[in-house]
Structures are given as structure tokens and as C-alpha cells.
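What the coordinates show
Chain residues, written in single-letter form:
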Amino acid sequence: MTIQQLKVDLGDQRSYPIFIGSGLLNKAECLTPYIRGRQVCIVTNETVAPLYLQKLENLLSEDYQVSTLILSDGEKYKNADTMMQIYDHLLEKKHNRTTTLIALGGGVVGDTTGFAAATYQRGVNFIQVPTTLLSQVDSSVGGKTGINHPQGKNMIGAFHQPQAVIIDTDVLKTLPARELSAGLAEVIKYGLINDAEFYEWLEKNITILLSVDPVIMTEAIARSCQNKADVVNQDEKESGIRAILNLGHTFGHAIEAAQGYGQWLHGEAVAAGMLAAVDLSVRMGWVNKIEVDRLSVLLSNANLPVKLPPNMSTDQFLSLMIMDKKVTDGKLRLVLLESIGKAVVTEEASKENVVATIRACR
Ligand code: NAD
Ligand code: GLY
């Protein structure tokens, strides 16, 4: 099977490749050219380590001084204590400024390890080896790294781009079905915001994607990463267009916050949120009503929720949505669609329309 190679294009110093394909965890040639010094620290977690750590160690142990750190699994460990654990390990094992950290795991491991790399000795190199679909199509690309604060998710962090992203589609075979579907929500997002042709392709291929067919999955991941890279290349630090990557997230974050993190997976909340965003786009007069049903069918076929939680009141939604990071001067800024494949960030949605959408989508 061929390996797909894409590029995040951020100029001479900070551009990097994304490799996608089946069996990449057995191929040193995608990994070792992006390791600068002789020291490597693989950071993973207790779930992923027994599955894939040995493969990565096999690729590196002969030529590099490798240390490994196995973190506890879970969003609740994406915190300052875990960061200190990583710094302690790096110092104990005498990692110097030429070391390379390798994040082997989902978005939690990737975000935490990336932030450790951004801050250890004022910044060292790191490589992303994402192992969930969500991390392969979203969190490993674009350089957002960070941890949670007790008062808010992802409140402490830095932009720090990796040296390379290595995506082995085979690892998705061990991913729980619910996590796979949650990742598909972000894949569908790219079709909606930036790529109408990809959206149609997804409608045709969604069932085969659920079976983790390596060719079709490689195509879906590559199209997703290309769409993300296109946006990041234009606006690395989110001063403008990068915000469109948050389609469905304002409604989604409200769901996650109200239900308690972990009850709804992030991708599940984003799925219901994207449906609400399309419903609101219809109310703006921008999108045909038929698109709500079309998205609802696609999300259902991906085993994703298509309704906002009925136990949340409209007021609860509104008070949580106003906490969104995109809110400026108390004004709700939402990502909506002008058409399928064309997202905009807008302050134009009236409170009446937002309320009507919440009521209609429950
Ligand atoms: P996760 O990292 O918690 O992984 C989900 C579960 O799957 C975990 O239990 C993990 O151990 C397990 N797992 C991982 N790979 C596996 C595999 N191949 N087989 C079996 N089990 C496996 O969750 P996630 O959805 O990958 O990431 C969510 C995190 O990503 C959140 O913290 C979110 O804030 C962050 N995120 C960051 C960005 C960004 O741009 N940096 C974007 C989106 C999300
Ligand atoms: N996940 C949104 C972003 O990377 O900007």
C-alpha cells in the first residue's frame, strides 16, 4: 500500500510532513529523518503502551538513547501534575536540548507531550504518532498543545509545531467503536466547512469507513489533514479563519460542560452541535432546509448523535455558549455555513434564531 505524504507549510523553519498509511509503525524511514539528536523520549499511556510501544521502541532502540514514560489514561490526567511528571522524567534521564519527544497516543497524550516539548528547556522537538482517529485528523496537526486548568479545558498551552506527524491507520483496529465514530465527526466537519466534494464522498463511503478499510481510511484521513493544513497554513495562531475548525463546537462545548466531561465524547457533542449549526444556517437563509436531513442521515450512519440532549434547558445552553472562547465583548460568534463546503464566523445570528434552533434540535 502506498504512503500518502502531505505538508503543513509554515515556511522554511517550521514546515513539516504528515505521513499516512497502513503499517507505518514498522517503517523507520518515516520517523528517523525527523529526529535531530541521539536522545528520544516516547510518551504514551497505560492503554496504548501494551499495544504499540514495543513497535516504536524496535524502530529506535539500536540507534538512539530511548527512554519511555507511560502516563495514566484519561482527560482528567491532562493537567499540571502530569506535566511535572514529564519534566521530572526528562531531567532524571538527563534529556538535553537536542532531545526529541514522541507522543504515542490520542489527543490527550499528544496535547500534553506537545506542551512539555514547547516548554522543556524553553522548547525541544517533538513528533506526533497519533493513535485515535480524532488525533489523526485533528489534534496532531496544527501545533495546538496544552493542558486543562481546574477552571477550564485547554486553558494553559502554547502553539508548538511538531517535526512530523506519522499516522498508521492499522492502530485504528484496536480503537473502541465509539471513539472511532467520535473521530468521524471531525472528518465530516472538514467536508462541511471546506470541501463539498469530500462531503459527498463521505456520504458514499461512511459504512466502509466504520470497518477501518485501510485504503478508504487513508483517503479520509489524508483529505481531512489536507483540509486542516490548508486552514492552518493561512492562520496558524487563529487570528481569523482557523476558527472555522470549530464548527459545532460552541453547541458541543455547552453539551460537554453540562453533561460532565466524558459522558458525551467530544466528537459526539460536536456531531449534535454541527447539526444545530446547520439548522441555524437554514434559519439565516443561507443553506437549504434539505441539508439538515442530509447531515442527519450521514451522522446516523456514522453512529453519531443527531439531537441535542433533551435534559438541557434553553437557558442552560445559552449561558454555557456565552463562555465560548470565540465570544468577544459579550457577543456570541458562531461558525455557520454559507453553503456545504463554505463556513463563516459570524456574529449575525439573532438570539431568537439561536433559541429556535436549540428547541428544534432537541
Ligand atoms: P484520548 O486521547 O483520551 O483517547 C481516547 C481513548 O482511546 C483513551 O482511552 C486512549 O487511551 C484510547 N486509545 C488511544 N489510541 C488507541 C488505540 N489505537 N487503540 C485502543 N485505544 C486507544 O482522546 P482523543 O479523542 O484522541 O483526544 C481528545 C483530546 O484531544 C482532548 O483533550 C481535546 O482537548 C484534544 N484536542 C486537541 C486538539 C488540538 O488541536 N490540539 C484538537 C482536538 C482535540
Ligand atoms: N481543533 C481546532 C484547531 O486546531 O484549531
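This text follows the structure it describes.
Summary of the structure given here. Keep in mind that this is a model prediction, so the values were computed, not measured.

Rules and cut-offs
- Residues numbered from 1 in each chain as written.
- Chains lettered and ligands numbered in written order.
- Predicted model: local features only at pLDDT ≥ 70, side-chain atom pairs only at ≥ 80, totals over all residues.
- Heavy atoms only, no water.
- Helix = DSSP H or I, 4+ residues; strand = E, 2+ residues; numbered from the N terminus.
- Rg over C-alpha atoms; globule rule 2.2 N^0.38 Å.
- Buried < 20%, exposed > 50% of the residue type's maximum accessible area, 1.4 Å probe, protein only.
- Contact = heavy atoms within 4.5 Å.
- Areas by Shrake-Rupley, 256 points an atom, 1.4 Å probe, with all protein chains shown as cover.
- Lys, Arg positive; Asp, Glu negative; His and termini not counted.
- Charge placed at Lys NZ, Arg CZ, Asp CG, Glu CD.
- Pairing = 2+ DSSP bridges.
- Axes fitted to C-alpha atoms, helices over the stretch in contact; angles between N-to-C directions.
- Salt bridge = Lys/Arg side-chain N within 4 Å of Asp/Glu carboxyl O.
- 1 Å grid on protein atoms, 1.4 Å probe; cavity = no way out; pocket = protein on both sides within 12 Å on 5 of 7 lines; lining within 4 Å.
- Points joined across faces, edges and corners; volume = space filled by probe spheres on them.
- Nonpolar A, V, L, I, M, F, W, Y, C, P; charged D, E, K, R; others polar.
- Phe/Tyr/Trp six-rings, centres within 6.5 Å; stacked < 30°, edge-to-face > 60°.
- Near = heavy atom within 4 Å.
- Polar contact = N/O pair within 3.5 Å; in protein donor to acceptor, adjacent residues only side chain to side chain.

Moving on to the overall build of the chain. Secondary structure assignment for the chain yields 13 helices and 11 strands. On C-alpha atoms alone, the chain measures out to a radius of gyration of 20 Å, which is about the 21 Å that the 2.2 N^0.38 rule sets for 362 residues. For the chain, the spread of C-alpha atoms along the principal axes amounts to about 60 × 45 × 35 Å. The proportion of buried residues among the 362 residues of the chain is 57%. Long-range contacts, defined here as pairs at least 24 residues apart, represent 73% of the contacts in the chain between residues at least 6 apart. Per element, the accessible surface of the chain, about 15,200 Å² overall, is 48% carbon and sulfur. If you average the places of the 34 positive and of the 40 negative side-chain charges in the chain, the two averages end up 3 Å apart.

Spatially, seven strands are ordered β1-β2-β9-β6-β5-β3-β4 in an open sheet, and the strand pairing comes out mixed. Each having just a single partner strand, β1 (4-8) and β4 (65-71) make up the two edges of the open sheet. When strand polarity is set aside, the average angle formed by the axes of neighbouring strands in this sheet is 15 degrees. Running over the sheet, helix α2 (residues 49-60) touches β3 (39-45), β4 and β5 (100-105) and is turned about 170 degrees from β3.

Tallied over the full model, the rule gives 16 salt bridges. Linking Glu236 and Arg14 is a salt bridge whose minimum nitrogen-to-oxygen distance equals 2.7 Å. With Glu236 in the loop between α8 (214-234) and α9 (249-259) and Arg14 in helix α1 (residues 11-14), the pair connects residues that are 222 residues apart, well separated along the chain. On the basis of relative accessibility, which here comes to 13%, the residue Glu236 falls in the buried class. One salt bridge connects Asp138 with Lys228, and the closest N-O pair in it is separated by 2.7 Å. With a gap of 90 residues between them, Asp138 in helix α5 (residues 133-139) and Lys228 in helix α8 connect regions that are remote in the sequence. A residue is classified by how much of its surface remains accessible, and Lys228, at 4% relative accessible area, is buried. Overlapping salt bridges, with partners in common, bring together Asp138, Glu186, Lys189 and Lys228 in one network.

This brings us to the layout of surface pockets. There is about 190 Å³ of room inside the second largest pocket. Forming the walls of the second largest pocket are 14 residues, and the residues nearest its centre are Gln13, Arg14, His160, Gln161 and Gln163. Class assignment of the residues belonging to the lining of the second largest pocket gives a composition of four nonpolar, seven polar and three charged.

Turning to empty space enclosed by the protein, a few remarks are in order. Taken as a whole and judged by the stated rule, the model has three cavities of 30 Å³ or more. There is about 40 Å³ of room inside the largest cavity. Broken down by class, the residue content of the lining of the largest cavity amounts to eight nonpolar, no polar and one charged.

Turning our eyes to something else, we now look at the packing of aromatic side chains. Throughout the structure, instances matching the rule amount to two aromatic pairs. Aromatic side chains Phe19 and Tyr34 sit 5.8 Å apart centroid to centroid with 55 degrees between the ring planes, which places their arrangement in the tilted category. Placement of the pair is Phe19 in strand β2 (residues 16-21) and Tyr34 in the loop between β2 and β3, with a sequence separation of 15 residues. Classification of Tyr34 by relative accessible area gives partly exposed; the value is 24%.

In the region of ligand 2, the neighbouring residues are Asp138, Lys144, Lys228, Glu238, Arg242 and Leu245. Between ligand 2 and Asp138, the relevant distance is 3.0 Å, taken from a nitrogen atom to a side-chain nitrogen or oxygen of the residue. The separation between an oxygen atom of ligand 2 and a polar side-chain atom of Lys144 is 2.9 Å. Burial of ligand 2 by the surrounding chains reaches 87%, relative to a free accessible area of 200 Å².

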